[in-house]
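# Report on the structure
Below are the chains, spelled out letter by letter.
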Amino acid sequence: MAMNADHIIAAAARYSRYLQRLLTARPGLLKTTEVAQPFTAQDMQAELAAAAIIDDATLGRALRRLRQRIMARLIVRDLGGLADLDEVVGTVTQLAEIAIRTAVAQLHSALATAHGEPRGASNGALQQLHVVGMGKLGGAELNASSDIDLVLVYPEEGDTDGARTLSNHEFFTRLTRRLIGALNEWTEDGFVFRVDTRLRPYGDSGPLVVSFDMLENYLITQGRAWERYAWIKGRVLTGDQQDALLALVRPFVFRRHLDYGAFAAMRSLHSQVRHEVNRRDRLDDIKLGPGGIREIEFIAQVFQLIRGGHEHSLQQQSTLPVLQALGDRQFIAPAAVAELRTAYIFLRNLEHRLQYRDDQQTQALPVDPEARALLAECMGFMDEAGFIAALAEHRAAVSLHFEAIFGESDTTGHPLSALWQEQAEENDGKTDADSAALEKLVRLGFTQAPELYRRLALFRNGSRYRQMPAASQRRLDRLVPAAIASAASRGNPDATAERLLALFESISRREAYLALLHEYPHALERVADLMSASPWVAQYITQHPILLDELLDARNLLAAPDWAALRATLRTGLDSAEGDIERQMDLLRHFKNTQTLHCIAQDLSGTLPLETLSDQLSDLACVILEEVLRLCWQGLRQRHCATPRFAIVGYGKLGGKELGYASDLDIVFVYDDAAPEAAENYARLAQRINHWLTSITAAGVLYETDLRLRPDGISGLLVTPLESMRQYQLQQAWLWEHQALTRARSVAGDAAISSAFEELRITVLRKPRVLPALRGEIISMRRKMLAAHPNTSKLFDIKHDPGGIIDVEFMVQYLVLGHAQNHAALTANAGNLALLKTAAGLGLITDADATAVRGAYRQFRELQHQLRLAGERYARVEPQKVAISVGAVSALWKTLFGEAAGDPDPAAKP
């Protein structure tokens, strides 16, 4: 191994003149036995511990000599093929961290000896310097000859407690100056790291070190877009209040909304960099030039700025893990991520070889032919031509992906721009321009052209538009003509245009959404599709514009839900917001709205049958209820057990898996716990759950709830012991409450209670009943319901009128309650369609009747669903449209009950 190590050292020294100088100045600097092992953090700490550090001079000497030892071994290992990129950047980063921490500890101690410890004015707590590593230091990806970007912060103002008092600001300013000197100054032993502090508040003109309060105030009032970009990589290296400092910075960097305005900001920053590169003729610069390292970093960081507030996995500092997370979440195609990763590793390895040459911070390819040949050899190529070709291929791939993400949509004038841009101020008469515009709208297919033109004029000349920032106005100026063109290509152009304009008005003060639609023109087309298809959907999107982000990826939008993965993602997000109830409530609402939009898109595309849609909406409700139950229990101050013996029972559409887009939840709370405090704690839990579900936040409402199906209805307790539920259902419940059990199931909570409730449900359904008496009670209940929902129109009410949905439900309930004692199959909570088929199989009704009523029920539900999407208040249609279905339902009703559903009670007085 020694001979091999000697060869590796000689080969590395042949390329690196810096290594040659080190080995000449200190012949014993690198032993051949050391080459096989990386320089670990423990090795670094051990060497510094062995050094006699007593003052600034000995501190500086120890740190510089340590760097020489580390760099000599690292260069040899890297060029000898023994170290990968992770080792190189990790070793240099560990050196920086250990050097900073060692220096801060030594210098703080020296200053405190002379002036006392710095203490906070508020509570006298000891204060420490918090060194924030920015850039590649923050990302733990320092290159071989990096400078280090530092921001220096201390918690609060105050004074030291010694005889020679200093203000905290002065104490930490002196400490910072000495820290910079310990790392940055050139001595006979070289330097440790070049230090750059210009990323601090106010840059060169600002104080060298600032308090937490000053930093927070600066970021809130004066923080600029490029500073958000810089602080993405901010990582606190020293100090005892790191979490508090990060909590202060995080809202500035990672916005709670999706910030698509970051595209323009990053594009502008890149343009400035590219201008400087061109001005200095540095196109060969592998960091700043086209297809260079910086473009890969920009790709990662723009998605962090846009989505970091929502995606916890993007709140990290290192480039490669962020790229991986973007691929995992399909924000960037995995194939593109693979190409970017390969290029990044190639370019970073090349960057290190450029810097190994003379320990210079350079990213420019050498001009000298001999140096270029040596460089190609160090990169593993047989000749320079092969190396240059590989470099060009990687840079071309990076440029391609960069342009795909950052390339601006067509900024030339839209053919319909005049319809928007040339809107005259309101006047009494029509101009020639007005007439031409109206004629153009008519040619485009708008049947209400004057109304649309007036609508455009009101928007364009209104205060809302005039008060928009200039950047937002420019985006809207491009969006409106595109929206008019998109609406014109739909079957209902006037309605589509009106709905799109309503959306634009709604988001006009929310630049991020305008930026999204501007940056992704295909998203506008998808919005137009959805809004054209349904006024209810249009209103839904307008109320929840954050959903626009979901329209970017059609594959994800139209994919079947993976509830296990979705539940895990939701739980991770909720747990990351622990302690922030408002944030957790909004996360739940956004999750529900997002999954609902996916259902809507699949529904309108014709790929989602109504029964499957109802299943998915019901599964969605169950996921949400489970998480709400968990969080509400965790949030109770007094809990007598770790896991509540508590369940939520769903009735009606939730229980029968027939939820629609706007359905409320019929739920009952049940517990089985003998602890003395159980009743009180579970009552608080139920109240809290209902509050979380029904509260209105900025993200809307989760669900409206109906709790009246609990024992004794609104006069009963909010939560019911399982045993009380059993006694009530077996001894006191009304028939209609037994009818409700045909569509009831446990939807969240304790599994044992769920099983016990199902056993109880089956027991109740299988109770012996006298059929004539049962028929009479159901007929009486049907008459009461019909009287409660009079229909004075000439239309047929799909749900309430005789021969409609309620008749089908009542007939199924009659069959279950009347015959389940002899036929256990009827107790299955399988839905009305399946139970009708089961009843026919048992000979309780004919196959023909079952088939006809099943078809009728499907038609009713489809029509009800279509009318909901159309925004209709009542589910009513022309009678002839459903005459056959109504006839089938009425015929079976008469067969089962001996009279028509709408017949008056013969016992009633005339």
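The structure presented is a predicted model; accordingly, all values stated were derived computationally and were not measured.

### Description of the overall build of the protein chain
- In terms of regular secondary structure, the protein chain is built from 39 helices and 14 strands.
- Projected onto the principal axes, the alpha-carbon positions of the protein chain cover approximately 115 × 80 × 60 Å.
- Each of the 910 residues in the protein chain was classed as buried or not, and the buried ones make up 54%.
- Across the protein chain, the fraction of contacts at a sequence separation of at least 24, relative to all contacts at a separation of at least 6, is 74%.
- Carbon together with sulfur atoms contributes 52% to the accessible area of the protein chain, which is approximately 39400 Å² in total.
- For the protein chain, the centre of its 99 positive side-chain charges and the centre of its 111 negative side-chain charges are spaced 2 Å apart.

### Remarks on the confidence of the model for the protein chain
- Scored by pLDDT, the protein chain comes out at a mean of 91, with 94% of its residues at no less than 70.
- Here residues 424-428 is modelled with pLDDT under 50, and outside its nearest four sequence neighbours on either side it reaches 4 contacts, counting other chains as well.

### Describing helix H5 (residues 85-115)
- Here H5 spans 44 Å end to end across 31 residues, near enough to the 45 Å set by a 1.5 Å rise per residue.
- The N-cap of H5, judged by a side-chain oxygen 3.3 Å from the amide nitrogen of Asp86 a few residues on, is Asp84.
- Gly116 sits one or two residues past H5 and shows a positive phi near 90 degrees.

### Considering unusual backbone geometry
- For Tyr202, which is not a glycine, the phi torsion comes out positive at approximately 70 degrees.
- Mapped onto the elements of the fold, Tyr202 is located in the loop between strand E5 (194-196) and strand E6 (209-211).
- Phi is positive for Asp359, which is not a glycine, with a value near 55 degrees.
- As for its placement among the helices and strands, Asp359 is situated in the loop between helix H14 (334-356) and helix H15 (369-378).

### Side note on the nonpolar core
- The biggest cluster of nonpolar side chains holds 105 residues, and the ones touching the most others in it are Ile100, Ile148, Leu183, Leu350, Tyr356 and Phe387.
- In terms of residue count, H5 provides more of this core than any other element does, 13 residues in total.
- With sequence-adjacent residues up to four places away left out, Ile148 is seen in contact with Ala96, Ile100, Leu137, Leu142, Leu183, Phe193, Arg194, Val195 and Asp196.
- Counting residues in each nonpolar core, the second largest holds 100 residues, with Ala483, Leu574, Leu659 and Ala686 among its members.

### Regarding the layout of surface pockets
- The volume enclosed by the second largest pocket comes to roughly 1700 Å³.
- Lining the second largest pocket we find 47 residues, and of these Lys653, Asp666, Arg743, Lys799 and His800 sit closest to its centre.
- Every element with two or more residues in the lining of the second largest pocket is listed here: helix H29 (610-635), helix H30 (652-655), helix H33 (735-741), helix H35 (771-788), helix H36 (805-819) and helix H38 (847-869).
- At 6 residues, H38 tops the list of elements feeding residues into the lining of the second largest pocket.
- Its residues placed into classes, the lining of the second largest pocket shows 20 nonpolar, 12 polar and 15 charged.

### Focus: the pattern of salt bridges
- Tallying each qualifying case throughout the model produces 47 salt bridges.
- Salt-bridge contacts for Lys136 lead to Glu297; the nearest nitrogen and oxygen are separated by 3.0 Å. Placement of the pair is Lys136 in helix H6 (residues 135-138) and Glu297 in helix H12 (residues 293-307), with a sequence separation of 161 residues. The pair Lys136 / Glu297 is uniform in exposure class, with both members buried.
- Several salt bridges converge on common partners, so that one network encompasses Glu34, Glu47, Arg69 and Arg73.

### Regarding the side chain of Thr93
- Structurally, Thr93 can be placed in helix H5.
- Classification of Thr93 as buried rests on a relative accessible area of 3%.

### Topic: the pairing of strand E12 (residues 745-749)
- Of all 5 residues making up E12, 4 are buried, and the element is well covered by its neighbours.
- Here strand E8 (residues 646-651) pairs with E12 via 4 bridges, running antiparallel. Pairing of Ile648 across the sheet is with Ala748, part of E12.

### Looking at the packing of helix H27 (residues 563-576) against helix H28 (residues 581-604)
- Running from amino to carboxyl end, H27 crosses H28 at an angle of 155 degrees, the nearest separation of the two axes being 10 Å. Classified by the angle between their axes, H27 and H28 sit roughly antiparallel to one another. Where H27 crosses over H28, the handedness of that crossing is right-handed. Facing Trp563, Leu566, Leu570, Gly573 and Leu574 of H27, the residues of H28 in contact are Gln584, Leu587, Leu588, Phe591 and Gln595.
- The residue inventory of the contact of H27 with H28, partitioned by class, reads 7 nonpolar, 3 polar and no charged.

Scoring rules and cut-offs
- Residues numbered from 1 in each chain as written.
- Predicted model: local features only at pLDDT ≥ 70, side-chain atom pairs only at ≥ 80, totals over all residues.
- Heavy atoms only, no water.
- Helix = DSSP H or I, 4+ residues; strand = E, 2+ residues; numbered from the N terminus.
- Buried < 20%, exposed > 50% of the residue type's maximum accessible area, 1.4 Å probe, protein only.
- Contact = heavy atoms within 4.5 Å.
- Areas by Shrake-Rupley, 256 points an atom, 1.4 Å probe, with all protein chains shown as cover.
- Lys, Arg positive; Asp, Glu negative; His and termini not counted.
- Charge placed at Lys NZ, Arg CZ, Asp CG, Glu CD.
- pLDDT = per-residue confidence, 0-100.
- Expected span 1.5 Å × (residues − 1).
- Polar contact = N/O pair within 3.5 Å; in protein donor to acceptor, adjacent residues only side chain to side chain.
- Core = buried A, V, L, I, M, F, W, Y, C linked by side-chain atoms within 4.5 Å.
- 1 Å grid on protein atoms, 1.4 Å probe; cavity = no way out; pocket = protein on both sides within 12 Å on 5 of 7 lines; lining within 4 Å.
- Points joined across faces, edges and corners; volume = space filled by probe spheres on them.
- Nonpolar A, V, L, I, M, F, W, Y, C, P; charged D, E, K, R; others polar.
- Salt bridge = Lys/Arg side-chain N within 4 Å of Asp/Glu carboxyl O.
- Pairing = 2+ DSSP bridges.
- Axes fitted to C-alpha atoms, helices over the stretch in contact; angles between N-to-C directions.
- Parallel < 35°, antiparallel > 145°, perpendicular 65-115°, else oblique.
- Left-handed = near helix turned anticlockwise from the far one by under 90°.

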